[in-house]
Amino acid sequence: MKTLLGRRARFLAAITATAGAVLVAGCTSSGSGGSAGDTAAGGVDLVKAGQLTTCTHLPYPPFQSEIDGKVQGFDVSLIDLVAKDLGVRQQILDTPFENFKTGAFLNSGECDLAAAGMTITPERKKNVDFSDPYFDATQAVLVDKKSGVGSLADLKAKGRKLGAQAQTTGEDYAKKQGLDPISFESSDAVLNGLRTGQVQAVVIDYPVVQGWLKDKANADAFKVVDNLNTGEQYGFTVKKGNAKLLAAVNKAIAGAKADGTYKKLYEKWIGPYTPSTPSPSAS
């Protein structure tokens, strides 16, 4: 879907802003933090001095979520590498997911980049510039074990309700299959819809489902019945034409893959990793 991020000291600060809540993923910036921008390493212009400001949408584990009072996840860790290369700290701004498709917060100068488990699509490329792909994704169909649903095709035949996160490729996929999914604002709301019986099945990125099923109560109540290889890849985004920041992001991704950092982060946040099969499969 999730689509985006990087991490640091032991606290989270929430600040009211017009776009949403600012979440500090790291130590407080030593820069001015004012409205004037700053030029970091490599001549990369930043919207705020001393920090790399990242737009995301919380929660979306394992890519980004608040854990023990700070924002953490796979995306967060990767963008931390970008910030480190630039000699600054990452700061995260939580924003509505629909804005990632339009690049609104990038164009308005509120964020330097966006990281939110976001699938690279031709439509989104019209509004933002994507980094090199950093994650191969699949969609999973998770159902209530009592629903009698054994596949996505069963939903129509058995009259069961399907849920999906709004504005995501999972929702788009379901609609293309002739289904009419109930839309939820966040991944947490999707899971809550399944728990409360608003829906009997959901379609969402498989790594998200993996995280849910680590909880015994969820594993006892729900099961994966379909793993859909939709050919999706995630990318981080920058404002159109921001070639220097895009190059810095791509450099960090390539460096992490070359020196083994990517593998370590993948295994920490996602699961077992091999270069030939980078996306998890249902088992």
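Heads up: the structure comes first, above all this text.
The structure presented is a predicted model; accordingly, all values stated were derived computationally and were not measured. (Residues numbered from 1 in each chain as written. Predicted model: local features only at pLDDT ≥ 70, side-chain atom pairs only at ≥ 80, totals over all residues. Heavy atoms only, no water.)

K.L.:
Help me understand the nonpolar core in this model?
P.N.:
Across soluble globular proteins, nonpolar side chains show a tendency to be buried alongside one another. In terms of nonpolar packing, the biggest core is built from 48 residues, with Leu-52, Phe-74, Leu-86, Phe-135 and Trp-212 touching the most fellow members. Elements supplying a minimum of two residues to this core: α1 (74-86), β11 (135-144), α7 (187-195), β14 (201-205), α8 (206-212), β15 (222-234), α10 (243-259) and α11 (261-269). A per-element tally of this core places α10 first, with seven residues. Ignoring sequence-local partners within four residues, the contact set of Trp-212 consists of Leu-142, Ser-187, Val-190, Leu-191, Val-202, Ile-204 and Asn-218. (Core = buried A, V, L, I, M, F, W, Y, C linked by side-chain atoms within 4.5 Å. Buried < 20%, exposed > 50% of the residue type's maximum accessible area, 1.4 Å probe, protein only. Helix = DSSP H or I, 4+ residues; strand = E, 2+ residues; numbered from the N terminus. Contact = heavy atoms within 4.5 Å.)

K.L.:
How do you make sense of the packing of α1 against α10 when you look at a structure like this?
P.N.:
When two helices pack together, their arrangement is given by the angle between the helix axes and by the axis-to-axis distance. Interaxial distance between α1 and α10 falls to 9 Å at its minimum, and their mutual angle equals 115 degrees. Compared by their axis directions, α1 and α10 come out roughly perpendicular. The two elements α1 and α10 cross, and the hand of that crossing is right-handed. Facing α1, whose interface residues are Leu-81, Val-82, Asp-85 and Leu-86, α10 presents Leu-245, Ala-248, Val-249, Ala-252 and Ala-256. Class assignment of the residues belonging to the contact of α1 with α10 gives a composition of eight nonpolar, no polar and one charged. (Axes fitted to C-alpha atoms, helices over the stretch in contact; angles between N-to-C directions. Parallel < 35°, antiparallel > 145°, perpendicular 65-115°, else oblique. Left-handed = near helix turned anticlockwise from the far one by under 90°. Nonpolar A, V, L, I, M, F, W, Y, C, P; charged D, E, K, R; others polar.)

K.L.:
What am I meant to see in unusual backbone geometry here?
P.N.:
Among all residues except glycine, the phi angle is most often negative; among peptide bonds, the trans geometry is most common. Put simply, Leu-58 and Pro-59 share a cis peptide bond, and its omega is -10 degrees. Tracing the backbone through its elements, the reader meets Pro-59 in the loop between β5 (51-56) and β6 (65-67). Geometrically, the link from Pro-61 to Pro-62 is a cis peptide bond, its omega value of 5 degrees lying close to zero. Following the sequence through the fold, Pro-62 ends up in the loop between β5 and β6. The phi dihedral of Asp-68 is positive, around 55 degrees, even though this residue is not glycine. Position of Asp-68 among the secondary structure elements: in the loop between β6 and β7 (70-72). Asp-68 sits in the exposed class, given a relative accessible area of 64%.

K.L.:
I'm lost on α1 in this one. Help?
P.N.:
An α-helical segment advances 3.6 residues per turn. Residues three or four places apart therefore align on the same side. Between its terminal C-alpha atoms α1 stretches 19 Å, which fits the 18 Å expected from 13 residues at 1.5 Å a residue. α1 sits mainly inside the fold: ten of its 13 residues count as buried. Where α1 ends, the next residue or the one after it, Gly-87, has phi of about 75 degrees, a positive value. (Expected span 1.5 Å × (residues − 1).)

K.L.:
What is the right way to look at the sheet that holds β14 in this model?
P.N.:
Think of a sheet as strands paired side by side through backbone hydrogen bonds, with each pair either parallel or antiparallel. Overall, mixed pairing links the five strands, which are arranged β13-β12-β14-β11-β15 in an open sheet. In this open sheet, the two edge strands, each paired with only one partner strand, are β13 (182-184) and β15. The average undirected angle you get between the axes of adjacent strands in this sheet is 25 degrees. Where strand β12 (residues 162-165) and β14 come together, two bridges link them in parallel fashion. Bridged to Gly-163 within β14 is Val-202. (Pairing = 2+ DSSP bridges.)

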